[in-house]
Structures are given as structure tokens and as C-alpha cells.
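The residues making up each chain are set out below.
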Amino acid sequence: KILILDFGSQYTQLIARRLRELGVYCEIHPCTASADAIRAFKPRGVVLSGGPASVLAADSPRADKVVFELGVPVLGVCYGLQLMAHELGGKVGNAAHREFGPATIDASSACELFQGLPPRLDVWMSHGDRVEALPPGFEPVASTPSAPYAAVEDRRRRFFGVQFHPEVVHTPRGAELLKNFAYAVCGCSGQWSMRAYVDVAVEQIRAQVGPDGHALCALSGGVDSAVAALLVHRAIGDRLRCVFVDNGVLREGERAQVEEVFGRMFHLPLVTADASKRFLSKLAGVTDPEQKRKIIGREFIAVFEEQVEEFARHGERADFLVQGTLYPDVIESVSFKGPSATIKSHHNVGGLPEVMKLGLVEPLRELFKDEVRRLGLELGLPKEIVQRQPFPGPGLAIRVLGEVTEERLSILRKADTIVQQEIRAAGLYEQLWQAFAVLLPVRSVGVMGDERTYENTCAVRAIESTDGMTGDWARLPYDLLARVSSRIINEVRGINRVVYDVSSKPPATIEWE
Ligand code: XMP
């Protein structure tokens, strides 16, 4: 296994991801890890991550020198390289010009890191400082015209440093470099898998929650909270309590599915809080999108708190809240405030832990979405949940434009069900980021049989995206659109017109509100 020491780079997690893709087990620890902790980890190799600080600054983060005394290979990336140079007797200075972005290096294939790679490599540079004199024992193994020490090695001690980022996709052959480090240099075998990750995660949760701690989890029906809950359940059994809040703005069949899968299939201790009346009465008369979101967020916290009080009345306490926070929610750490500072917590349950003074258990905070999905399959979650498209916390309330009423929700639910069915039948569900219906506050004239109609308009939205940050409208086949349109108009009372949304994000957002 490989130990990654984090100096606060936004790319640290990508190093772990690349290594895991290679089947190599690794853990990220803060650079402040103690000498004992580092020794106890017994790594086969150590990676020193990048970071935004300058080793020239007095208060810049350092790693315990023990990493250089373990007798195992060390790879310094960017800041990690500079730190290694600085600590081992070299010299680091401010570069005359900072180098950020693409560069081409000339690399020596005699170095184990570059074995099997072409002599010229495109890489992604990002540094302000640069190494000016190498420590004793080191020699350069790659350079660019402006960076004579783009990569260096100490062949005897097997210390390596690269000034560029092999972990990002802008270094196209970077994964091979990391593979050389892990397999050839450190002797890792590539046997690690998601199955093994389950055991590690379960151990970590047990250690955090302790032998008699209790935890709560708000299940949303989505894949993240589901996987988080299953992991925690595996770790602490029925000391976990799950709460599913029916907020009245769910889609058709959603509550039944959650109760079926988590209650009956997995036997999670699950309570459904039926709060639909209460949410809808708070939403009555409200048309402003932000107001709707705030009301739903506030009400969710209130319902959840009441549920916890209810547990307490039965003598069940709670010490921790389980959240399905993923790495992209954490990654927006740009400044060095202690390794990888959290900037954003999950927006659906934001505020809960502060209000309730609970500790946080976030077993997915090192994973990306596709890894969470693989983990879900490993835990036996059905494919329908694992592959589920994202669904916003405020639910259908932000897809019924204008006032949210029972009647309008019911119309939207029927239309949305048809969209879901047809997208699945066309085999496109897993390819699309999202596909859904929106009920517009617009009525228009139509004709059905010999009758004039004056009814609602429904917009269909289908989006291609990899992360929801940007997206393009999906070029759905016309005959699919035709089927969706004619089914909605024929089967859903109250809709006589269907339009297709052809706006990309940006400048439009995915949701209409
Ligand atoms: P927008 O509309 O901002 O949405 O382009 C981007 C992605 O985020 C989802 N979304 C939410 N998800 N709580 C969530 O969990 C929310 O309040 C929320 N608002 C938007 C949206 O469905 C899309 O996938």
C-alpha cells in the first residue's frame, strides 16, 4: 500500500484515484501525520502531494522527516518535489516566471518512472517556485527549456520528484508514470479492489463511531446516501437509524421504492417521516424559486429534528450524522487551511450537524461518483438505485413553476413518469445525466376531438453532462420525442402541449428554478 501525504493540493485526491484505478491500495493522510503514524502505516511507497504553499515561507507545511528514513521509495509531486529538495539539502528559489499549464518535457527512459514512455511527453505544469540546486545524490531525469529539473531522481535511495502533475488528465501519459512508480518502483501488485475498500471503510467507521456510538442517516433515495447508509450499517449494525422524509414533492413511487429496498431488502432500521402535508402548507402561495428552496430546506431540518427528539423519547441517542458527501463536494478547497479544507457541505442537509451538534460521518468523501456506484454494486444495491440519475433535494417543487399545489404536482408526476419510462425503453437512461419533465405556468389553446382546450404546457429536459457543472441538451431522436409528447398529451389530463428544452448550461441551468 502507498501513503499519500496531503499538502493541500486540489489534485491530491486524483493521485489516490489514479492509484486505485491501478488496483493499488492507498490512503491520504494530512502532511502533519506523526512519525509514529507514518511508520505504523508500513507503506511500500510514499507520495508527497502538491500544494499551494511555498517551501520558502516559514510557516509552510512540512512532513515529518521520517518519510525519508523508512527505506521505501518516495515520489514528490510539485510542492512535494520542492519540499524534498529543500529538506534533503538542495535549494529552492522563486522562478523568474511562474509556469502554469501545458509543457513538453524531454525525459530519460533510463529512469524507472519513464520506462515504456516516449522521450518527449506532454505534461501539466503548475508551480511558482522551482528547484535551483539538487540535493546530494540527485540527478535530473527530465527537463523543459525553462525547468531544468522537471523530474529528478536519487537512484540509490529511490527518491523521485516531478515538477508537473502526473495525476491530471492534461498529462496524458501520467497514469503510466504513476503505474511505473507503484508497480516497478514500489513493487505493488495491483490486486486491490472495491471489495477491499468496503473492509477498510467499515473499519474506519467503527473506529470513528466507537464501540457504543449511535448514528443517524437521512436517506434521500439517491445513490450517495444509500451507499453511505449501507456502509455504516455494515460497520455498526442497528446503532444506525435511517430517516426518510416524505416531503410531498417526491416522484411517483419513490417512497415505496425506498421503503422496499432499504426496509425490506436490506433491513435498515428505517423510519419514514410523513411530512407531505406540512411541506405543502408551507409552500402554499409561494412562487419565488429561492423562497421555495429555503422553505424546503428549513422544513427538512425541522422534521428531522423532531424525529430525533422522538428517538430520544424512546431512549435512543444520536452522536453522529451520516452524510453522503462525495469528493467533488470537498474538492473546492483552494487555500491551505489545514489539509484539504471543506468548503461546502452537502446542500440538502446543510446546517443539520451544526444545529444538532452531531459529529459527521462521511464515508464517501474520498470517492468520485462512479466509484460510489461501483461500491454500491459491491454492497448489493439494485442497479435501479445505483444508476439513478440525480434528483434535487427540493424535488418536484422546483419543477412545478409557480405555485406548488397537490393538483399541479399530480399532473407533473404523471408526465415525469412517462418521460422516465420512454427514456429507459429507448436505452438512454444511463447515458443521460438527467431527463425529466417540468410543468410550466403557461396555458395555451389546443383542440382535442372537436373540443377547444386551454391547458398547461409541459417542458421536457434531457441533459448530457459528466458532473452537472456544465451540460448540453441531449439530441434525442425525433421519434422518441414524438412518443413522449403524444403519450403525455393523451395520457395526462391537464396538459395539451409539450415543448423540448434546447438550452445548454451555461447559460441556462439544468433545473428551471
Ligand atoms: P442546476 O440547476 O444548478 O443543477 O444546473 C445542477 C445539478 O444539481 C442538481 N440540483 C440539486 N441537487 N439539491 C440537490 O441535491 C439541490 O438543491 C439541487 N439543485 C439542483 C440538479 O438536478 C442538477 O443535477
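Since this is a predicted model, take the numbers as computed values, not measurements.

1. Some thoughts on the confidence of the model for the protein
Next, step 1: Across the protein, the average pLDDT comes to 91, with 94% of residues at 70 or higher.
Next, step 2: In the predicted structure, residues 332-349 sits below a pLDDT of 50 and forms 36 contacts with residues beyond four places in sequence or in another chain.
Next, step 3: Here the predicted complex carries an ipTM of 0.98, next to a pTM of 0.77.

2. Concerning the pairing of strand β3 (residues 45-48)
Next, step 1: Side chains Gly45 and Val47 project from β3 onto one buried face, and the interleaved Val46 and Leu48 project onto a second face that is buried too.
Next, step 2: Relative to strand β4 (residues 74-77), β3 runs parallel, the two being bridged by three bridges. Counterpart to Leu48 in the pairing with β4 is Gly76.

3. Some words on the domain arrangement of the protein
Next, step 1: The domains assigned to the protein are domain 1 (2-185), domain 2 (194-386) and domain 3 (405-500).
Next, step 2: For domain 1 and domain 3, the distance between their C-alpha centroids amounts to 51 Å.

4. Observations concerning helix α6 (residues 223-236)
Next, step 1: For α6, spanning 14 residues, the distance from its first C-alpha to its last is 20 Å, which sits close to the expected 20 Å at 1.5 Å a residue.
Next, step 2: Judged by how many residues are buried, α6 sits mostly within the fold: 13 of 14 residues are covered.
Next, step 3: Positive backbone phi, approximately 60°, marks Gly237, located one or two places after α6.

5. Re the packing of helix α5 (residues 194-209) against helix α12 (residues 369-378)
Next, step 1: In contact at an axis separation of 9 Å, α5 and α12 are set at 85° when each is read in the N-to-C sense. Compared by their axis directions, α5 and α12 come out roughly perpendicular. Note on element contacts: α12 touches α5 through Arg374, Leu375 and Glu378, opposite Met194, Arg195, Tyr197 and Val198.
Next, step 2: Its residues placed into classes, the contact of α5 with α12 shows four nonpolar, no polar and three charged.

6. Description of the sheet that holds strand β11 (residues 240-246)
Next, step 1: What the five strands build is an open sheet, ordered β12-β11-β10-β13-β14; its pairing is parallel. Two strands in the sheet have a free side with no partner beyond their single neighbour: β12 (270-274) and β14 (359-361). Between one strand and the next, the sheet's axes are offset by a mean angle of 30°, whatever the strand orientation.
Next, step 2: When strand β10 (residues 215-219) meets strand β13 (residues 320-322), the two strands line up parallel, connected through three bridges. Bridging across to β13, Ala215 finds its partner in Phe320.

7. Some details on unusual backbone geometry
Next, step 1: In this chain, Lys505 is followed by Pro506 through a cis amide linkage whose omega measures -15°.
Next, step 2: The residue Pro506 is located in the segment after β18 (495-500) in this model.
Next, step 3: Here Pro506 and Pro507 are connected by a cis peptide whose omega angle stands at 5°.
Next, step 4: Mapped onto the elements, Pro507 comes out in the segment after β18.
Next, step 5: Despite not being glycine, His267 has its phi angle at roughly 55°, a positive value.
Next, step 6: With respect to the secondary-structure elements, His267 resides in the loop between α7 (254-265) and β12.
Next, step 7: Under the C-beta neighbour-count criterion, His267 is labelled exposed, with 10 such atoms within 10 Å.

8. Observations regarding the site of the ligand
Next, step 1: Of all residues adjacent to the ligand, which total twelve residues, the nearest are Pro392, Gly393, Thr509, Ile510 and Glu511.
Next, step 2: In terms of residue class, the shell around the ligand is made up of four nonpolar, six polar and two charged.

9. Thoughts on helix α9 (residues 289-313)
Note: α-helices contain 3.6 residues per turn, so residues at a spacing of three or four share the same orientation.
Next, step 1: Between the first and last C-alpha of α9 there are 36 Å, a value that for 25 residues agrees with the 36 Å anticipated at 1.5 Å per step.
Next, step 2: Downstream of α9 by a residue or two, Gly315 has a phi angle that is positive, lying close to 80°.

10. Describing the UniProt feature "binding site: ATP" (unreviewed entry) in the protein
Next, step 1: The sites that carry the UniProt feature "binding site: ATP" (unreviewed entry) are, in the present numbering, Ser220, Gly221, Gly222, Val223, Asp224, Ser225 and Ala226.
Next, step 2: Using a count of 22 C-beta atoms within 10 Å as the deciding quantity, one classes Ser220 as buried.
Next, step 3: If you trace the backbone, Gly222 turns up in the loop between β10 and α6.
Next, step 4: Judged by the 18 C-beta atoms lying within 10 Å of it, Gly222 is partly exposed.
Next, step 5: Look past the residues within four positions of Gly222 in its chain and what remains in contact with it is Arg388, Pro390 and Phe391.

11. Comments concerning the pairing of β11
On a regular strand, each side chain points to the face opposite its neighbour's, so the side chains alternate between the two faces of the sheet.
Next, step 1: Within β11, five of the seven residues are buried, which leaves it mostly tucked inside the rest of the structure.
Next, step 2: Of the pairings in the sheet, the one linking β10 to β11 comprises five bridges and is parallel in character. Bridge pairing in β11 links Cys217 to Cys242.
Next, step 3: In this fold, the crossover linking β10 to β11 by way of α6 has right-handed handedness.
Next, step 4: Sheet analysis places β11 next to β12, joined by five bridges and oriented parallel. Along β12, the bridge assignment pairs Asp246 with Asp274.

12. Topic: the nonpolar core
Next, step 1: Among the nonpolar cores identified, the biggest contains 76 residues, and Ala215, Cys217, Ala229 and Val232 are the most heavily contacted of them.
Next, step 2: With ten residues, the single largest contributor to this core is α6.
Next, step 3: Residue assignment places this core across two domains, with domain 2 (194-386) and domain 3 (405-500) each supplying three or more.
Next, step 4: Core analysis: the next-biggest nonpolar cluster, separate from the first, contains 63 residues, Cys31, Phe160, Val185 and Cys186 among them.

Rules behind the numbers
Residues numbered from 1 in each chain as written. Predicted model: local features only at pLDDT ≥ 70, side-chain atom pairs only at ≥ 80, totals over all residues. pLDDT = per-residue confidence, 0-100. Contact = placed C-beta atoms within 7 Å. Buried ≥ 20, exposed ≤ 12 C-beta atoms within 10 Å, placed from the backbone. Helix = DSSP H or I, 4+ residues; strand = E, 2+ residues; numbered from the N terminus. Pairing = 2+ DSSP bridges. Domains from an automatic or database assignment. Expected span 1.5 Å × (residues − 1). Axes fitted to C-alpha atoms, helices over the stretch in contact; angles between N-to-C directions. Parallel < 35°, antiparallel > 145°, perpendicular 65-115°, else oblique. Nonpolar A, V, L, I, M, F, W, Y, C, P; charged D, E, K, R; others polar. Near = placed C-beta within 6 Å. UniProt positions renumbered as here; feature names shortened; annotations may be inferred. Right-handed = clockwise from strand over helix to strand, strands pointing away. Core = buried A, V, L, I, M, F, W, Y, C linked by C-beta atoms within 7 Å.

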